[in-house]
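For reference, the chains in residue letters:
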Amino acid sequence: MRETDGESARERGSSTFVAPPNQFSKAIYQGLLHLKGLNQGNEMDTPLATPCNIQICEVTCDSFRIVWDMTPEDTARATHFFIDLSRKECRDPNRFKHRDVPTKLVAKAVPLPMAVRGHWFLSPCTEYCVAVQTAVRQLDGEYLVSEWSQVVEFCTGDYAIEHLQQLLDKAKGSAGRLLKFSTFYRNQHPNYFECVRKECAGVMRPALKDTSGSHGSPINGKLLGVFFSCNTEFDTGLPPKDSPYGPLRFQIPAGHLLNPNISLYFADFYCMYTAYHYVVLVLAPIGTEGDHFCRTRLPMLDLANNPFLTYTAPQRPGEEPLYCHASDVILEVLFTEPVSLDQGTVEQISGHHQLMSLTTANAKKDPSCKVCNISVGR
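Residues numbered from 1 in each chain as written. Predicted model: local features only at pLDDT ≥ 70, side-chain atom pairs only at ≥ 80, totals over all residues. Heavy atoms only, no water.

**With respect to unusual backbone geometry**
Under the convention used in this document: Helix numbers and strand numbers start at the N terminus; a helix is a DSSP run of H or I with at least 4 residues, a strand a run of E with at least 2.
At the junction of Leu-112 and Pro-113, the peptide bond is cis and its omega measures out at 0 degrees in the coordinates. For Pro-113, the position within the fold is in the loop between β4 (105-108) and β5 (114-117). Despite not being glycine, Asn-53 has its phi angle at roughly 55 degrees, a positive value. With respect to the element layout, Asn-53 can be found in strand β1 (residues 52-57). Positive phi is not limited to glycine here, since Cys-125 has a value of about 50 degrees. If you trace the backbone, Cys-125 turns up in the loop between β5 and β6 (127-137).

Right, dumping it as structure tokens:
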């Protein structure tokens, strides 16, 4: 019993003896936590370095990657990145908010370069300004942020082939049935044709494509050509009697511009806040500079089998080729080589000359149209 009692006493004594060290350890532990918290607080209060050497790479029509230099300490601490993006033409030197307030995009810190897409619905072929901040989210939910970096400018790209293919698929649904035609035509004012005869030796020379239509079309402002029409009136099968481009019309047999030696490309599909739509096609003689330009940038169409503009070779000796155009869209055909007036005729149109406001020169595409817009930009 004594041994048992002694063991019990020792156990009780042991318990009584251990209690003070447990309390002491708890106090030490709490003290260490406090010191650690102070150290973390000091670390949190340490200013972040300003991001520098901002670089933009892998730019597409609706995305880009951004990378910048950070100190190893900031790389380890940063929890978020703030990115401010604006169109260059809207640039305001005071556009940034207070330095402690996130502006356009708050992104969790990720390894750089960081991909930026879909946040602003970036437009193709558009100049932008971008600046960045690094930030540490603190325990109270507030951010410790760096100063804004220098502003960097860049421009988004054209539609890629896959984007143009989406646009082409949409255009196919609006093309309608094919109608026969026999001539391409081009309306202009008298002074245009006078200038062609006197200053260009009677040759209509290619001019740079304007910015009308989809902003991301790769031919805008880059491809040279001469525009023609080929749409005909439903009841007569002839070109319309009026035009907004001028009272004089140059007409050329279809075979001069559309034949087996020509490459046909799809370039655009758009509308101008109207019910009818435009399809832009490119005709480029095989092997020419225009053909080489289009071959890597635009979807090529089969001359004999497409919903917009077709050439069908004669089936029997003595027959003429068959030329057809889409009935439910207005075709704008860009021929990439010079065209001589001697190849056709210039005549006064019989109808009234319409207002120039009806032309598509530098016309902007309706960004709200569900028929002719794709998800990557306008």
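**Regarding the sheet that holds strand β19 (residues 322-326)**
Applicable threshold: A strand pair is defined by DSSP finding two or more bridges across the two strands. To define axes, lines are fitted to C-alpha atoms, for helices over the stretch in contact only, and angles between the resulting N-to-C directions are given on a 0 to 180 degree scale.
Strand order in the open sheet formed by 3 strands is β9-β19-β18, and the pairing between neighbours is antiparallel. Looking at the sheet topology across the chains shown, the edges are occupied by β9 (178-180) and β18 (309-312). Ignoring which end each strand starts from, the neighbouring axes of this sheet average 30 degrees apart. The pairing of β9 with β19 spans 3 bridges and is classified as antiparallel. The partner of Leu-179 across the bridge, within β19, is His-325.

**Quick word on the side chain of Thr-310**
What counts here: When a residue's accessible area, from a 1.4 Å probe over protein chains only, is under 20% of the maximum for its type it is buried; when over 50% it is exposed; and in between it is partly exposed. Every residue pair with non-hydrogen atoms within 4.5 Å of one another is taken to be in contact.
Along the polypeptide, Thr-310 turns up in strand β18. Judged by its relative accessible area of 4%, Thr-310 is buried. With residues up to four places along the chain from it excluded, the contact list for Thr-310 reads Leu-178, Leu-258, Leu-303, Ala-304, Leu-322, Tyr-323 and Cys-324.

**Quick look at the environment of Val-67**
Relative to the elements of secondary structure, Val-67 occurs in strand β2 (residues 63-69). In this structure Val-67 comes out as partly exposed when scored by relative accessible area, which is 22%. For the pair Val-67 and Ala-115, spaced 48 residues apart in sequence, the C-alpha separation works out to 9.1 Å. In this view, Val-67 contacts Asn-53, Ile-54, Gln-55, Leu-112 and Pro-113; residues no more than four positions away in its chain are not counted.

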